[in-house]
Amino acid sequence: MTAATHTQMSRHAHYVPSMDLVPLVLEGRVSAIARMISRAEAAYPEAAQALAEIYRHAGRAHVVGITGVPGAGKSTLVSALIKALAGAGHKVGVVAIDPSSPFSGGAILGDRVRMSDAAATSGAFVRSMATRGHLGGLARATLEAVDILDAAGYSPVIIETVGVGQDEVEVVSAAHTVVVLSAPGLGDDIQAIKAGILEIADIHAVSKADKPEAAATIAALNGMMALGAPRTDTRWSLPVLAVSSVSGNRLGELTEAISAHWMHLKESGELAARRRAIARTRILSTARHLFHRKFNEGGGDLDSHVEAVVGRAIGPSTAARLLLGWESEA
Ligand SMILES: Nc1nc2c(ncn2[C@@H]2O[C@H](COP(=O)(O)OP(=O)(O)O)[C@@H](O)[C@H]2O)c(=O)[nH]1
Ligand SMILES: [Mg+2]
């Protein structure tokens, strides 16, 4: 155990060791789940072994990503989905990544309140994550939260995230089923094109179908599909659905499409390929963040290598190899 962990633990007199929380998480105890997620978010070194154990127990949940630009209607849709899916007997988990304020670093309160209303009446578990300050990266923290809910027996586990920014796209790409939500009237182009997330969609949904402008957005998306928009899985015929979270209209079509896609993944063998791709991305992403952290937070010899590169004693490529230990100092 490191000295830092010791200090951390002695400040909390009632600190339950993370390994002791694992059986409680697996039993589905909500307080243990919440604590485990907090420790994953804070990247406590003490929790690493417990998270590894939890990962070994996860792997059953259907992970559904819901992405779209801010204002697309994601949180409203997730609340409606919680009610619909819980009503059909599912134990729904939600991890929402909110754009955090640069001043407070906090998550947007409105989303939490709205979604926890839906959660309270349905036995769902909803967690908002801040977008900043994750040692080892946002993707790592978020996907560990998904593992925790998965191991605790939640399925589907929904990830809500804005579809802009590399971290966010990385997170949603780790879902088995990706729903890209576009709102009518939010600019002329399909927002998925602008955000560069068109090709990660397994299902296109147009929100606010109660508004007359929705028809044009649906037509535009259908037109794009007909032109052969880029996509990852050509054996799946990608649906374009209209939903209204306000009226609840056609929400059933979306829940059906989500479960049809899950069936498709299992029956076609595509699930195994996705699992491999997800594992690969998670490893590489965590490694990249750990590397950055090691050398950016005053560690390693980054500064002296910077001087050497600026002074043209060595090139940036040599410096990188030296930092990685792939080349030794001459
Ligand atoms: N008319 C209508 N408004 C909606 C619908 N879904 C969401 N909204 C509104 O769109 C705005 C943004 O919704 P929100 O769920 O916060 O979007 P997010 O930023 O993507 O999470 C809010 O004012 C919602 O009330 C819908 O189905 N119909
Ligand atoms: Mg939201």
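No experiment lies behind these values; they were computed from the predicted model shown. (Residues numbered from 1 in each chain as written. Chains lettered and ligands numbered in written order. Predicted model: local features only at pLDDT ≥ 70, side-chain atom pairs only at ≥ 80, totals over all residues. Heavy atoms only, no water.)

**Notes on the nonpolar core**
For clarity, the threshold we go by: Only buried residues count toward a nonpolar core. Its members are Ala, Val, Leu, Ile, Met, Phe, Trp, Tyr and Cys residues joined through side-chain atoms within 4.5 Å. Residue burial is assigned from relative accessible area. The probe radius is 1.4 Å, only protein chains are included, and a residue is buried under 20% of its type maximum, exposed over 50%, and partly exposed in between. Under the DSSP-based scheme used, a helix requires at least four consecutive residues in state H or I and a strand at least two consecutive residues in state E, with every element numbered from the N terminus. By the convention used here, residues are in contact when the closest approach between their heavy atoms is within 4.5 Å.
In this structure, Val 25, Ile 33, Met 36, Ile 37, Ile 148 and Leu 149 are the most contacted members of the largest nonpolar core, which totals 53 residues. Per-element accounting of this core gives the leading share, 9 residues, to helix H7 (residues 138-151). When residues no more than four places from it in sequence are discounted, the contact partners of Ile 33 are Val 25, Gly 28, Phe 125, Ile 148, Leu 149, Ala 152 and Tyr 154. Ranked by size, the runner-up nonpolar core spans 30 residues in total, among them Val 78, Val 92, Leu 181 and Ala 183.

**With respect to the site of ligand 1**
Just so we agree on the cut-off: If a single non-hydrogen atom of a residue is within 4 Å of a molecule or strand, that residue counts as near it. Within 3.5 Å is the distance limit for a polar contact, defined as a pair of N or O atoms, with the added protein rule that one can donate a hydrogen and the other accept it, and that residues adjacent in sequence qualify only through two side-chain atoms.
The full set close to ligand 1 counts 16 residues, and Gly 71, Lys 74, Thr 76, Asp 210 and Ser 245 are the nearest of them. Between ligand 1 and Gly 71 there is a distance of 2.7 Å, counted from an oxygen atom to a backbone nitrogen or oxygen. Within the backbone of Gly 73, a nitrogen or oxygen atom sits 2.9 Å from an oxygen atom of ligand 1. Here the shell around ligand 1 gets 3 residues from one element, more than from any other, and that element is helix H5 (residues 74-87).

**Things to note about the packing of helix H3 (residues 30-42) against H7**
To keep it simple, the criterion reads: To obtain each axis, a line is fitted to C-alpha atoms, and for helices this fit is confined to the stretch in contact; angles are then taken between N-to-C directions over 0 to 180 degrees. To sort the angles, those under 35 degrees are grouped as roughly parallel, those over 145 as roughly antiparallel, those from 65 to 115 as roughly perpendicular, and the leftovers as oblique. For a crossing to be left-handed, the near helix must be turned anticlockwise from the far one by less than a right angle; the clockwise case is right-handed. In the scheme used here, Gly and all other residues not listed as nonpolar or charged are polar, with Ala, Val, Leu, Ile, Met, Phe, Trp, Tyr, Cys and Pro taken as nonpolar and Asp, Glu, Lys and Arg as charged.
It is the contact of H3 with H7, at a shortest axis distance of 9 Å, that shows an interaxial angle of 160°. By the angle class used here, H3 and H7 are roughly antiparallel. Read as a crossing pair, H3 and H7 show a hand that is right-handed. In this structure, H3 contributes Ile 33, Met 36, Ile 37, Ala 40 and Glu 41 to the contact, and H7 contributes Arg 140, Ala 141, Glu 144, Ala 145, Ile 148 and Leu 149. Residue composition of the contact of H3 with H7, by class: 8 nonpolar, no polar and 3 charged.

**Points about helix H4 (residues 48-57)**
Heads up, the rule is: Taken from the helix axis, the directions to the C-beta atoms give the arc we talk about.
Buried within H4 we find Ala 50, Leu 51 and Ile 54. All buried residues of H4 fall inside an arc of 100° around its axis, so they share one side. Exposed side chains of H4 directed beyond 90 degrees from the buried face belong to Gln 49 and Arg 56. Against the buried residues of H4 lie helix H2 (18-27), H3 and H7. Two residues or fewer past H4, Gly 59 is found with a positive phi of approximately 120°.

**Here's the deal with the side chain of Thr 255**
Inspection of the secondary structure puts Thr 255 in helix H11 (residues 251-268). Thr 255 sits in the buried class, given a relative accessible area of 18%.

**Some words on the sheet that holds strand E6 (residues 203-206)**
Note on sheets: strands pair through backbone hydrogen bonds, and any given pair is parallel or antiparallel. Going by this rule: In this description, strands pair whenever DSSP reports at least two bridges between them.
Strand order in the open sheet formed by 7 strands is E3-E2-E4-E1-E5-E6-E7, and the pairing between neighbours is parallel. Lying at the two open borders of the sheet, with one neighbouring strand each, are strand E3 (125-129) and strand E7 (240-242). Pairwise comparison of adjacent strand axes, ignoring direction, gives a mean angle of 20° for this sheet. Contacting strand E1 (63-68), strand E5 (177-182), E6 and E7, H11 crosses the sheet at an angle of about 150° to E5.

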